[in-house]
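# Observations on the model geometry
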Amino acid sequence: MYRRSLLLFFLLGGCTSYEQPTHVKNCQDLVYSYPEVRDKGNEDQYAALFTDNARFTVEKLNISLNNKTEIVDRFNKARNNTQTVHMMTSSRQFRKNDALAGESHFILLLKNNAQPTTTKIISGRYLDTFDYDTSQCRFSSRKVEIDRMDAL
C-alpha cells in the first residue's frame, strides 16, 4: 500500500506545473515587450525599459551608451532616420554571478529613410543583465551581438 501511494505521489507530482518567481516572469515580459516598444513606442515607454545608469553596447556598430539619457537620445535619433521591425526568436533567463541575466535571439529589418528601397536584415543576440524588484524589471545592461548583416 505504501509503495502504491508513493508511486501515485510521484506520478501526480510530475504533472504539477512549476511557477516561476515573479521577478523572472517580469524580466521575461520586459524582454518580449522590447521589440514592440522599440518599433512602435514613444520616448517615455522606451526610457521605462532601462535603469538610470544602464549600459547599451553594439560593438560592430561602435555604439557604447552609458546611461538612460544617452540610450533615449540614440533611440530618438534612430527613430527619426530609420523604420524597424524587430522579431524575437527565443529568450532565456539565468543566474550570472549575483545577477539575473538573459540571452535573446533576434532578427531586425531596418530601412533607412534616406534609402527606402534597401532593407537591412540583422540577426544576432541580446545579452542582458536585469535590475528588478517584486513589481518591475529593467535592463541594467544590454549588449547586442550581431551575428549577420545582409541587405535586400
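Structural notes, computed from the coordinates. (Residues numbered from 1 in each chain as written. Predicted model: local features only at pLDDT ≥ 70, side-chain atom pairs only at ≥ 80, totals over all residues. Heavy atoms only, no water.)

## Some remarks on the overall build of the protein
The helix and strand tally for the protein stands at 4 helices and 6 strands. Across the protein, helices and strands are ordered from the amino to the carboxyl terminus as α-α-α-β-β-α-β-β-β-β. Buried positions account for 34% of the 152 residues belonging to the protein. Long-range contacts, defined as pairs at least 24 residues apart, comprise 52% of the intrachain contacts of the protein with a sequence gap of at least 6. For the protein, the exposed surface amounts to about 10000 Å²; the carbon and sulfur share of it is 51%. (Helix = DSSP H or I, 4+ residues; strand = E, 2+ residues; numbered from the N terminus. Buried < 20%, exposed > 50% of the residue type's maximum accessible area, 1.4 Å probe, protein only. Contact = heavy atoms within 4.5 Å. Areas by Shrake-Rupley, 256 points an atom, 1.4 Å probe, with all protein chains shown as cover.)

## Quick word on the pairing of strand β1 (residues 50–58)
Note on strand geometry: in a regular strand, side chains alternate between the two faces of the sheet. As paired strands, β1 and strand β6 (residues 137–151) are joined by 4 bridges and run parallel to one another. By the bridge assignment, T57 is partnered in β6 with K143. Sheet topology places β1 next to strand β2 (residues 63–65); 3 bridges connect them, and they run antiparallel. Each bridged residue has a counterpart across the sheet, and for F56 the counterpart in β2 is L65. In this antiparallel pair of consecutive strands, β1 and β2, the connection spans 4 residues, and N62 shows a positive phi of 55°. (Pairing = 2+ DSSP bridges.)

## Here we look at the packing of aromatic side chains
Remark: the centre distance and the inter-plane angle together describe each pair of aromatic rings, the angle taken between the planes. Taken as a whole, this structure holds 9 aromatic pairs when the rule is applied. Ring centres of Y34 and Y126 lie 5.5 Å apart, and the angle between their planes is 70°; on these two criteria the pair is classed as edge-to-face. You can see Y34 sitting in helix α2 (residues 22–40) and its partner Y126 sitting in strand β5 (residues 119–132), a full 92 residues away along the chain. Here Y126 falls in the buried class, since its relative accessible area comes to 3%. What links up through ring pairs into an aromatic cluster is the set Y34, Y46, F50, F56, F75, F106, Y126, F130 and F139. Over the face of the ring belonging to Y34 we find R142, whose NZ or CZ atom lies 4.3 Å from the ring centre. (Phe/Tyr/Trp six-rings, centres within 6.5 Å; stacked < 30°, edge-to-face > 60°. Lys NZ or Arg CZ within 6 Å of the ring centre and 35° of its normal.)

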